[in-house]
Amino acid sequence: MDCKNDRTKPILYIVIPCYNEEQVLPISSKLFLEKINSLVALGKISDESRIMFVNDGSKDDTWNLIKQYAKEDKHFIGISQSRNRGHQNAVLAGLMESMDYCDITISIDCDGQDDINAMDEMVDKYAEGYEVVYGVRSKRDTDTFFKRFTAESFYKVLDKFGGVEVVYNHADYRLISKKVLKEFANFHEVNLFLRGLIPLVGFPSTSVFYERHERMAGESHYPLSKMLALAFDGITSLSIKPIRLIIGFGSLVTFMSLIGIIWAVIGFVNGSTVAGWASMICLICFFGGANMLALGIIGEYVGKSYIEIKARPRYIISERTYSLKEK
Ligand code: UDP
Ligand code: MG
């Protein structure tokens, strides 16, 4: 892991989060190795480039496989998180770990869904002067209708409420230069939503397009509940628009209820009041619901602030396939 020689070509670290991926790793690791070898052969990157697997507290044989690959080929290295912390934190751990040893990183999932051939273009774009290159899915034919629908709604909602420009149909397949990573290291938030945060760092960026494939093996770890949680995190960790929306909504409801009160008083004065039970119940329910919703959203922000204030470590690396001194 000596990165002093061959300084004309960039050292690339491919960062790959892995959670219970024993089925897909034997297939995809070969492809990653072929890709790095071909990029080296084409003279686009240095031979000091590495494939860094981040084991995210897998319960299966994933970490043993990674250790075995690291013994077989110098291009493979791995770190292991002390427990499962989720995809975003796993990517962050890999990026922060690689930062000091490389010139560029590319983060990619290990299931083969993202086309690794887009890496050539990403590296070319870096050579042209871009510091961040987003991998964008040109179509989603291989996803089920449900996944496509939820994912598209996700981007739309983010766009409306997120308050930050999120690249449409871009997941976590992207090239980031060392320069950007060094700045990104100063973003200390614990509620991570990388897609929304990286654009905030700035620097020249561009996109490359690729077709998304089917998962090579194993199953998705992103069921609807996790997708919704990610969307909610995305919105509430990037913007306070939802709170503003509540203020607007609350004002509207207050105005409407004022009209209701006037109407009720006029009715009372005219002596035409009926039992009024139904309307009262409706109003109580409505305001009860609106209040709960508002409190819930405010509570979400209060909770997030609480977590941020504690500033717990965002990842804990328990093992490495190399010693730190070696690097
Ligand atoms: N992943 C992870 N930690 C988790 C869940 C997932 O590191 O808690 C990894 C997983 O191994 C994969 C990537 O994140 O490389 C994306 O997950 P997945 O393919 O299951 O999601 P999908 O592509 O279906 O959205
Ligand atoms: Mg996947």
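Our subject is the structure that appears above.
About the criteria used
- Residues numbered from 1 in each chain as written.
- Chains lettered and ligands numbered in written order.
- Predicted model: local features only at pLDDT ≥ 70, side-chain atom pairs only at ≥ 80, totals over all residues.
- Heavy atoms only, no water.
- Core = buried A, V, L, I, M, F, W, Y, C linked by side-chain atoms within 4.5 Å.
- Buried < 20%, exposed > 50% of the residue type's maximum accessible area, 1.4 Å probe, protein only.
- Helix = DSSP H or I, 4+ residues; strand = E, 2+ residues; numbered from the N terminus.
- 1 Å grid on protein atoms, 1.4 Å probe; cavity = no way out; pocket = protein on both sides within 12 Å on 5 of 7 lines; lining within 4 Å.
- Points joined across faces, edges and corners; volume = space filled by probe spheres on them.
- Nonpolar A, V, L, I, M, F, W, Y, C, P; charged D, E, K, R; others polar.
- Near = heavy atom within 4 Å.
- Polar contact = N/O pair within 3.5 Å; in protein donor to acceptor, adjacent residues only side chain to side chain.
- Areas by Shrake-Rupley, 256 points an atom, 1.4 Å probe, with all protein chains shown as cover.
- Sits in = over half its atoms within 2 Å of the grid points.

A.B. asks: Give me the nonpolar core: which residues, what numbers.
C.D. replies: Residues Y13, I79, M96, F154 and F184 are the most contacted members of the largest nonpolar core, which totals 40 residues. If one sorts the elements of this core by residue count, helix α3 (residues 87–98) sits on top with six residues. If you look at the next biggest cluster of nonpolar residues, it comprises 33 residues, including V24, W63, I104 and V133.

A.B. asks: An account of the environment of M52 is needed here, citing residue identities and associated values.
C.D. replies: Residue placement: M52 occurs in strand β2 (residues 50–55). With a relative accessible area of 0%, M52 lands in the buried category. With 57 residues separating them in the primary sequence, M52 and D109 have C-alpha atoms 12 Å apart.

A.B. asks: So what's going on with the layout of surface pockets? Which residues, and what values?
C.D. replies: Taken as a whole, the largest pocket encloses approximately 1200 Å³ of empty space. Together, 47 residues line the largest pocket, and H87, H221, Y222, K226 and L230 are the ones closest to its centre. Counting residues per element, the ones that place at least two in the lining of the largest pocket are β1 (12–18), α3, α5 (145–161), β6 (170–177) and α8 (224–238). Its residues assigned to classes, the lining of the largest pocket comprises 19 nonpolar, twelve polar and 16 charged.

A.B. asks: A description of the site of ligand 1 should follow, citing residues and the corresponding values.
C.D. replies: In the vicinity of ligand 1 there are 20 residues, among which E21, D56, D111, S220 and H221 approach most closely. Contact between ligand 1 and P17: an oxygen atom at 2.8 Å from a main-chain N or O atom of the residue. Here an oxygen atom of ligand 1 sits 2.8 Å away from a polar atom, N or O, in the side chain of R215. Considered on its own, ligand 1 offers 530 Å² of accessible surface; in the complex 95% of this is hidden by protein. When each cavity is represented as a set of grid points, ligand 1 is found to reside in the largest pocket. Mapped onto the shell around ligand 1, the elements with two or more residues apiece are β1 and α3. Here the residues of the shell around ligand 1 are counted per class, giving six nonpolar, six polar and eight charged.

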